[in-house]
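Working through the structure, step by step
Below are the chains, spelled out letter by letter.
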Amino acid sequence: MHFIFHKYHGTGNDFILIDNRNGNFQPPDNNYQALIAHLCHRQLGIGADGLILLSKSQRADFRMTYFNSDGREGSLCGNGSRCLAAFACQSGLVADKHMTFEAADGRHTATILSQTGSLFEVKVELLPVSPPEKTAKNRYFVNTGSPHLVVFVDDLDNLDVVSEGRRLRHTPPWYHEGINVDFVSTKAHNKLSVRTYERGVENETLSCGTGVTAAAIAAWVNDPGETSMQYHITTQGGSLEVSFSPAKKNQPNFTDIYLTGPAQFVYKGEMVY
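In this report, we go over the structure that sits alongside the text.

1. Quick notes on the packing of aromatic side chains
A complete count under the given rule lists 13 aromatic pairs for this structure. Relative to Phe87, the ring of Tyr8 lies with its centre 6.1 Å away and its plane at 70 degrees, an arrangement referred to as edge-to-face. Remark: Phe87 occurs in helix α2 (residues 78–90) and Tyr8 occurs in strand β1 (residues 2–10); sequence separation between them is 79 residues. Phe87 matches Tyr8 in its accessibility class, with the two residues each being buried. Taken together, a centroid distance of 6.1 Å and an interplanar angle of 90 degrees make the contact between Tyr140 and Phe152 edge-to-face. With Tyr140 in strand β9 (residues 139–143) and Phe152 in strand β10 (residues 147–152), this pair connects stretches of sequence that are 12 residues apart.

Next up, the structure:
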């Protein structure tokens, strides 16, 4: 099998992107998991936190199918969706800076706000989110297209994210599928620092788009005095912004949720497998 791939990263969260509109990405024996896990392996393959296929859609400009680095198909990836939008724009797959795409959880919009060479600033709209569920002191469950456990901590810099993330990843009631774990520190008014242990990667990643979105919504709920609905968030790989409209009596979910940040083209390559 021979295919062209593009490598992008969004605040250090890196992805292998493949234009699969012709359906040619077809692993031997249809073993997608083994092939994708190999391609994402940082020593034996290309290396990435995940792989994304761009394919045709009847309801949007394109469809996004995301695979974790373990080769399993995943749920929505916020940073990956921004990278895929940048890829679609840079490759001429869409004619406009504003586009729509289908993901595992439904139909989304994305907008290219600016482009400087191979660096894009991309804004992606997430679907409505149910109010966070408080599961323990300083802990909230939030599903932002992917399930997250948001944990507020005092000393984020010295936290062992990997060991603590692994411990919480399969705690009840997330025995089987597991959950992403976001450790959050409030730095100042509407400013957060976030570190994430991602399921499927089974390690800390430099950034997680749906994770910082979950963190911002949980932070707003966790601080009854907070009035701002726009958060500036620092991750290990860079800065992101999240904005939203809160749930109300006549509006049970958080809506108008936007994740904004950079998407960087890294390189293009060919793979024969």
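2. Quick look at the pattern of salt bridges
This structure, assessed with the given rule, holds 10 salt bridges. For the salt bridge of Glu102 with Arg59, the shortest nitrogen-to-oxygen distance reads 3.0 Å. Of this pair, Glu102 sits in strand β5 (residues 98–103) while Arg59 sits in the loop between β3 (50–55) and β4 (62–68); the two residues are 43 residues apart in sequence, bridging distant segments of the chain. For Arg195, the salt bridge is made with Glu204, and the minimal N-O distance between the two is 2.8 Å. In this structure Arg195 comes out as buried when scored by relative accessible area, which is 11%. Residue Glu204 is classed as partly exposed on the basis of its relative accessible area of 22%. Put simply, Lys7, Asp14, Arg42 and Asp49 are held in one network by salt bridges that share partners.

3. Focus: helix α4 (residues 209–222)
Over its 14 residues, α4 runs 20 Å from end to end, which matches the ideal 20 Å to within 8%, given 1.5 Å per residue. Of all 14 residues making up α4, 11 are buried, and the element is well covered by its neighbours. Within α4, the full set of buried residues consists of Gly209, Thr210, Gly211, Val212, Thr213, Ala214, Ala215, Ala216, Ile217, Ala218 and Ala219.

4. Remarks on the side chain of Thr196
Mapped onto the secondary structure, Thr196 falls in strand β12 (residues 191–198). Among the residues examined, Thr196 registers a relative accessible area of 3% and is labelled buried. Side chain to side chain, Thr196 and Asp182 meet in a polar contact 2.6 Å long. When near neighbours in sequence (up to four residues on either side) are disregarded, Thr196 contacts Val161, Val181, Asp182, Asn203, Glu204, Thr205 and Cys208.

5. Considerations on the environment of Val124
On the secondary structure map, Val124 appears in strand β7 (residues 119–126). Once the C-alpha coordinates of Val124 and Phe254 are considered, the two residues, 130 residues apart in sequence, prove to be 15 Å apart.

6. Section: helix α3 (residues 161–169)
The complete set of buried residues in α3 reads Val161, Gly165, Leu168 and Arg169. What you see down the axis of α3 is that its buried residues fit within an arc of 105 degrees, all on one side. In the core, the buried residues of α3 are packed alongside β9, β10, β11 (180–188), β12 and β13 (203–205).

7. As for the pairing of strand β16 (residues 255–272)
Here is the key point about a regular strand: its side chains alternate between the two faces of the sheet. Both β1 and β16 contribute to a ladder of eight bridges, which runs antiparallel. Of the residues in β16, the one forming a bridge with Lys7 is Tyr267. Relative to β16, β7 runs antiparallel, the two being bridged by eight bridges. What sits directly across from Glu125, in β16, is Tyr258. Inspection of the sheet shows strand β15 (residues 238–245) paired to β16 by four bridges, in the antiparallel sense. When the sheet's bridge partners are listed, Val242 is paired in β16 with Leu259.

Cut-off values and rules
- Residues numbered from 1 in each chain as written.
- Predicted model: local features only at pLDDT ≥ 70, side-chain atom pairs only at ≥ 80, totals over all residues.
- Heavy atoms only, no water.
- Phe/Tyr/Trp six-rings, centres within 6.5 Å; stacked < 30°, edge-to-face > 60°.
- Helix = DSSP H or I, 4+ residues; strand = E, 2+ residues; numbered from the N terminus.
- Buried < 20%, exposed > 50% of the residue type's maximum accessible area, 1.4 Å probe, protein only.
- Salt bridge = Lys/Arg side-chain N within 4 Å of Asp/Glu carboxyl O.
- Expected span 1.5 Å × (residues − 1).
- Polar contact = N/O pair within 3.5 Å; in protein donor to acceptor, adjacent residues only side chain to side chain.
- Contact = heavy atoms within 4.5 Å.
- Arc of directions from axis to C-beta.
- Pairing = 2+ DSSP bridges.

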